[in-house]
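Examining the three-dimensional arrangement
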Amino acid sequence: PTRCTAFGGTLRFLSFEIQHIEVLFDLLRQGCLASPEQVSRWRIYATGGGSFKYGARFWRELGVHLRKSDEMETLVSGVRCLVENVPDACFTYLPPDSA
């Protein structure tokens, strides 16, 4: 997690392939149980087909609205946010097949 004081919150970046969607729901359910008063403040953004396929389920099971976003626009916005708000940071990316 990255504390983002400019926006008064914490950024968490998670990537889940659609084949592991149940793991994501389990993780989020644990968060709902741990701090139910925080759930209404959650902002979950998703890209790709899964964001459309599972949007209603996020609301039905967790009470969270899924915000559907364009993949490239989301990536660029996230990088800009980090660069502008996390001083002296260094970021790298390793494609999954190079690890």
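Not measured: the values here are computed from a predicted model.

1. Re a nonpolar patch on the surface
Taken together, the side chains of Met 72, Leu 75, Val 76, Val 79, Val 83 and Phe 91 present a nonpolar region at the surface, about 590 Å² in accessible area. Within the fold, Val 76 resides in helix α4 (residues 71-85). On the basis of relative accessible area, Val 76 is assigned to the partly exposed category, the value being 43%.

2. Observations regarding helix α3 (residues 55-62)
The complete set of buried residues in α3 reads Gly 55, Arg 57, Phe 58 and Leu 62. Along the axis of α3, the buried residues cluster in a sector spanning 165°; they form a single face. Residues of α3 that are exposed and angled more than 90 degrees away from the buried face: Ala 56 and Arg 60.

3. Description of the packing of aromatic side chains
Counted according to the given criterion, the structure contains 1 aromatic pair. Seen from their ring centres, Phe 25 and Phe 58 are 4.6 Å apart, and the 40° between their planes marks the pair as tilted. Separated by 33 residues along the polypeptide, Phe 25 in helix α1 (residues 21-34) and Phe 58 in helix α3 bring together distant segments of the chain. Under the relative-accessibility criterion, Phe 25 is labelled buried at 0%. The ring of Phe 25 has Arg 57 sitting right over it, with the charged end atom 3.9 Å from the ring centre. Lying over the aromatic face of Phe 52, Lys 68 brings its terminal NZ or CZ to 5.8 Å of the ring centre.

What counts, and at which threshold
Residues numbered from 1 in each chain as written. Predicted model: local features only at pLDDT ≥ 70, side-chain atom pairs only at ≥ 80, totals over all residues. Heavy atoms only, no water. Patch = residues over 30% accessible without salt bridge, like charges linked within 9 Å, V, L, I, M, F, W, Y side chains within 5 Å. Areas by Shrake-Rupley, 256 points an atom, 1.4 Å probe, with all protein chains shown as cover. Salt bridge = Lys/Arg side-chain N within 4 Å of Asp/Glu carboxyl O. Helix = DSSP H or I, 4+ residues; strand = E, 2+ residues; numbered from the N terminus. Buried < 20%, exposed > 50% of the residue type's maximum accessible area, 1.4 Å probe, protein only. Arc of directions from axis to C-beta. Phe/Tyr/Trp six-rings, centres within 6.5 Å; stacked < 30°, edge-to-face > 60°. Lys NZ or Arg CZ within 6 Å of the ring centre and 35° of its normal.

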